[in-house]
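Observations on chain architecture
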Amino acid sequence: MARRLVRRIGLDTPAAIAQHMGFMTNTRAGAAINKDTAMAISTVYACTYRISSTIASLGIDLIHREGQERTPKPMHPAIKLVGQSPSQLCTPFEFWETIVANAVLAGVGYAYIQRAANGMAEALSIIPNDELQRKEINGRYIYKLNSGEIIQPDDMLEITNMSRASPILLHKENLGLAQSAQDYGAEYFGNGGRMTGILSSEQNIPKDRTEALQEGWNRAMNQGGGTKLLPFGFKYSRISISPEEAQFISTRKFQAEEVCRIFSCPPSLVQLGEHKYSNVEQQNLQFARHTIAPWAKRIEQELGQKLLTTSEQADHVFRFRLDDLARGDMQARADYYTKLIASGCMSINEVRDREELNPVSGGDTHTVQINQLALSELQAYSKKISKDEGGKANA
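In what follows, the accompanying structure is described.

How each quantity is defined
- Residues numbered from 1 in each chain as written.
- Predicted model: local features only at pLDDT ≥ 70, side-chain atom pairs only at ≥ 80, totals over all residues.
- Heavy atoms only, no water.
- Pairing = 2+ DSSP bridges.
- Helix = DSSP H or I, 4+ residues; strand = E, 2+ residues; numbered from the N terminus.
- Axes fitted to C-alpha atoms, helices over the stretch in contact; angles between N-to-C directions.
- Expected span 1.5 Å × (residues − 1).
- Contact = heavy atoms within 4.5 Å.

**Quick look at the sheet that holds strand E6 (residues 140-145)**
Overall, antiparallel pairing links the three strands, which are arranged E5-E6-E7 in an open sheet. With partners counted over all chains shown, the strands left at the sheet margins are strand E5 (132-137) and strand E7 (150-151), one partner each. Sheet topology places E5 next to E6; six bridges connect them, and they run antiparallel. Bridging across to E6, Arg-134 finds its partner in Tyr-143.

Right under this line is the structure:
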């Protein structure tokens, strides 16, 4: 049986085979790591929450592209589905937070696409990863639920990471060390900060008296502080190392940083360590560019393939509003909008729309920085300047 498993799945160690079959095995550090135990590690929970909640908080648009024209389609059924009401069971925020968290932890998050008679998607239902299997049949993947129902790939929304592999299993040794350090601290402080040791004596003591002495010693230790008396020439020898000797704090901090590295989440975003404001600002920018933007691109392309018709896929795209990541910084938002208005890239009403404010009269006019001149008047203004300069030269 082992030889057949090696030939079929290419794994040759008991731990690798158990991991492939979904069993939980102990790491070298002694901790058993799976999705549930990993979430008990505070840094894993914080990174997962930070990524999933950030994506869930972003606005999303469906854009129709025709040449250089970009037209939002807020009334399209697909954008209503992903941005307003995925199903009657959850809000859009809950839907995206859950499916992205599944993808972050397990490598892939699933949602069943319920379609109307005309083939248009009308609801999205999240399916837990342990309730289905992905199988390849004749070069085509299908999804089989535990109930026996078969779901075709076009009806399954998949949000995946880089390799569809669970970071929890790929990095279980790192997470096992973090869990073991956490367990060590819990055990140490659970024992009142006392380390384990042995009692020894050069005298020959009967077994019944030895057991009584041991029970009395353990009872005295459990009662907390105070001076302990060792009769009959007993000596106490410590056999465990202190937290200082184990570099307990340093180990926990390093493992927390390792978890941040696994999930590509800046330490400052999970309240790890002390950071200067300038460093935090750079880490936030790094998080937006190198963590959230790739996840957003994967989701956008998956939505385009599964929720749009073939003809719509040619000129319609989903877009997350990544500039929403700067909404918390009022000064950054003000500078951003000021530059876009001054350069003619956005109108006042477009900015007001982003800020969910009503439009104002004349706010649709695009202006440039020279006295906020309308773009339609820019050519006449340029000719006037040229004419005036020419007149001065002739004089």
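**Observations concerning the pairing of strand E3 (residues 108-115)**
As defined by bridge partners, E3 adjoins strand E8 (residues 156-160) across five bridges and the pair is classed as antiparallel. Pairing of Tyr-112 across the sheet is with Met-156, part of E8. Sheet analysis places E3 next to strand E4 (residues 121-127), joined by six bridges and oriented antiparallel. Residue pairing in the sheet places Ala-111 in a bridge with Ile-126 of E4. Hairpin connection from E3 to E4: five residues lie between these consecutive antiparallel strands, with Gly-119 at a positive phi of about 90 degrees.

**Comments concerning the sheet that holds strand E1 (residues 60-66)**
Within a sheet, each strand pairs with its neighbour through backbone hydrogen bonds, oriented either parallel or antiparallel. Read across the sheet, three strands follow the order E2-E1-E11 without closing on themselves; strand pairing throughout is antiparallel. The two strands at the open ends of the sheet, each matched to only one other strand, are strand E2 (69-72) and strand E11 (316-320). Mean inter-strand twist for the sheet, computed between neighbouring axes without regard to direction, equals 35 degrees. Summarising the sheet, E1 and E2 pair through four bridges and their orientation is antiparallel. Bridging across to E2, His-64 finds its partner in Thr-71.

**Regarding helix H13 (residues 330-342)**
The terminal C-alpha atoms of H13, which comprises 13 residues, lie 18 Å apart, in line with the 18 Å expected from a rise of 1.5 Å per residue. Where H13 is buried, its residues touch helix H14 (348-354).

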